[in-house]
Amino acid sequence: MTDITVFSGHAHREFAEEMCAILGVELSASRLSRFSNDCLQVQLRANCRQRDVYIVQPLVPPTQENLMELLMMVDAARGASAAHVTVVMPHYAYARSDKKDAPRISIGGRLVADLIATAGANRVLTMALHAEQVHGFFSMPVDHLTALPVIAQHYRSRDLSNAVVVSPDFGNAKDANHFARMLGVPMAAGSKRRLADDTVVIDAIVGEVAGKDVIMLDDEIATAGSVIELIDTVRSYGVNSISVACTHGLFSGKALERLNAQKDISEIVATNTVPAPVGLDRLNVISVAPMFAEAVRRINCGESVSGLFSDKTTYGE
């Protein structure tokens with residue numbers, strides 16, 4: 001690692017600290033100030049001149065505050081003559097705003113991508129964007145990581161002879177199918193209709209789940225509306241056990257209350273792309289900081305990042 005400087009916003013400092021510990025570099029200091037009119041000011045308190053600068057900040061609640069801090073940190077690094085600025089954004093919240101599905105609405109995923117570019121970022125390193133087309137919203141190189149190999153590594157430690165991977169909808173079926181192939185098990189999917197942001201209906205399950213050990217896989221769990229609906233549906237098929245897995249475990253709104261009430265969930269697996277919630281029963285958090293650290297090392301050394309997508313790669317060993 002040469003000429004690298006890493007900063008972290010306030011969204012998930014623990015993730016940045018773990019990543020830096022793996023890389024063997026110091027997490028540089030920054031300061032966030034708030035004026036009396038509620039405007040923010042960011043100061044980077046380490047040398048950036050002609051250095052490879054990495055700014056770690058997932059977009060998590062309070063999302064707008066964390067976004068503004070990220071933009072100002074990128075702008076500060078550019079103004080300090082950084083040679084290259086990479087935004088390390090484990091979770092891109094605005095990826096869900098990826099299409100115009102109602103009159104006169106903003107496509108926030110594209111707008112925020114433009115803001116990051118305007119601020120001065122040269123590259124984005126992120127994980128599990130909500131939809132593949134969001135990658136194309138950025139006018140700069142994007143290294144789009146997947147947590148599926150890490151989650152698969154977790155599940156391989158158990159008996160999977162009776163397991164089936166279930167996607168809550170057909171939109172996530174491609175990733176669920178890839179995950180199922182990693183584990184060597186079949187896949188099924190729910191037929192889902194979304195009525196509102198936190199209200200969905202799953203009419204049926206396409207695939208065989210009766211008597212099976214179900215592993216529910218989704219890219220993100222926010223209010224847990226889809227997960228609870230899927231649990232109710234697969235339960236009616238007489239499944240043997242239920243495990244829930246996701247990359248981004250936001251668990252917002254009534255998610256904790258809803259999930260804690262489901263006593264037949266054996267385990268909830270999420271990665272640490274976002275801060276873990278307090279009070280969620282049976283939660284098992286898997287770190288993807290080693291994968292991000294290896295991606296940063298490869299970017300800095302000019303090596304290929306595509307090898308990180310292999311399900312044969314292990315991390316943190």
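Please read all numbers here as calculations on a predicted model, not as lab measurements.

Reading the values: rules and limits
- Residues numbered from 1 in each chain as written.
- Predicted model: local features only at pLDDT ≥ 70, side-chain atom pairs only at ≥ 80, totals over all residues.
- Heavy atoms only, no water.
- Axes fitted to C-alpha atoms, helices over the stretch in contact; angles between N-to-C directions.
- Helix = DSSP H or I, 4+ residues; strand = E, 2+ residues; numbered from the N terminus.
- Parallel < 35°, antiparallel > 145°, perpendicular 65-115°, else oblique.
- Contact = heavy atoms within 4.5 Å.
- Left-handed = near helix turned anticlockwise from the far one by under 90°.
- Nonpolar A, V, L, I, M, F, W, Y, C, P; charged D, E, K, R; others polar.
- Core = buried A, V, L, I, M, F, W, Y, C linked by side-chain atoms within 4.5 Å.
- Buried < 20%, exposed > 50% of the residue type's maximum accessible area, 1.4 Å probe, protein only.
- Pairing = 2+ DSSP bridges.

Trainee: Hey, could you go over the packing of helix H2 (residues 63-79) against helix H3 (residues 108-119) for me, with residue numbers and the actual values?
Mentor: Between H2 and H3, the shortest axis-to-axis distance is 8 Å and the interhelical angle comes to 25 degrees. Taken together, the axes of H2 and H3 lie roughly parallel to each other. For the pair H2 and H3, contact is made by Leu-67, Leu-70, Leu-71, Val-74, Asp-75 and Arg-78 and by Val-112, Leu-115, Ile-116, Thr-118 and Ala-119, respectively.

Trainee: Tell me about the packing of helix H4 (residues 148-155) against helix H5 (residues 173-183), and please be specific about residues and values.
Mentor: At a minimum axis separation of 10 Å, H4 and H5 run at an interaxial angle of 40 degrees. Our classification of the angle between H4 and H5 gives oblique. Between H4 and H5 lies a crossing of right-handed hand. From H4, Leu-148, Pro-149, Ile-151, Ala-152 and Tyr-155 reach across to H5, where they touch Asp-175, His-178, Phe-179, Met-182 and Leu-183. Taken together, the residues of the contact of H4 with H5 sort by class into eight nonpolar, one polar and one charged.

Trainee: So what's going on with the nonpolar core? Which residues, and what values?
Mentor: Counting 45 residues, the largest nonpolar core has Met-19, Leu-145, Phe-179, Leu-183 and Phe-292 as the members making the most contacts within it. The dominant element in this core, judged by the number of residues it contributes, is helix H8 (residues 289-301), at seven residues. Not counting the four nearest positions on each side in its chain, Leu-183 is found in contact with Ala-152, Tyr-155, Arg-156, Leu-160, Val-165 and Ile-215. In this structure, Met-73, Val-112, Ala-131 and Phe-138 belong to the second largest nonpolar core, which totals 32 residues.

Trainee: Summarise the side chain of Asp-143; cite the residues concerned and give the values.
Mentor: Inspection of the secondary structure assignment puts Asp-143 in strand E7 (residues 142-145). For Asp-143, a relative accessible area of 12% puts it in the buried group.

Trainee: Got a sec to walk through the pairing of strand E3 (residues 40-44)? Specific residues and values, please.
Mentor: Only one face of E3 is buried: it carries Leu-40, Val-42 and Leu-44, and the other face, with Gln-41 and Gln-43, is open. As paired strands, strand E2 (residues 30-34) and E3 are joined by five bridges and run antiparallel to one another. Each residue of the ladder has a partner; that of Arg-34, found in E3, is Leu-40.

Trainee: Any chance you could break down the sheet that holds strand E4 (residues 52-56) for me, citing the residues and the numbers?
Mentor: Strands sit in the order E1-E4-E5-E6-E7 across an open sheet of five strands; the sheet is parallel. The open sheet has two edge strands, strand E1 (4-8) and E7, and neither has a second partner. Across this sheet, the average inter-strand angle for adjacent strands is 15 degrees, counted without regard to direction. As paired strands, strand E5 (residues 84-89) and strand E6 (residues 123-127) are joined by four bridges and run parallel to one another. Bridge pairing in E6 links Val-87 to Val-124. Here H8 sits on the sheet in contact with E1, E4, E5, E6 and E7, set at roughly 155 degrees to E6.

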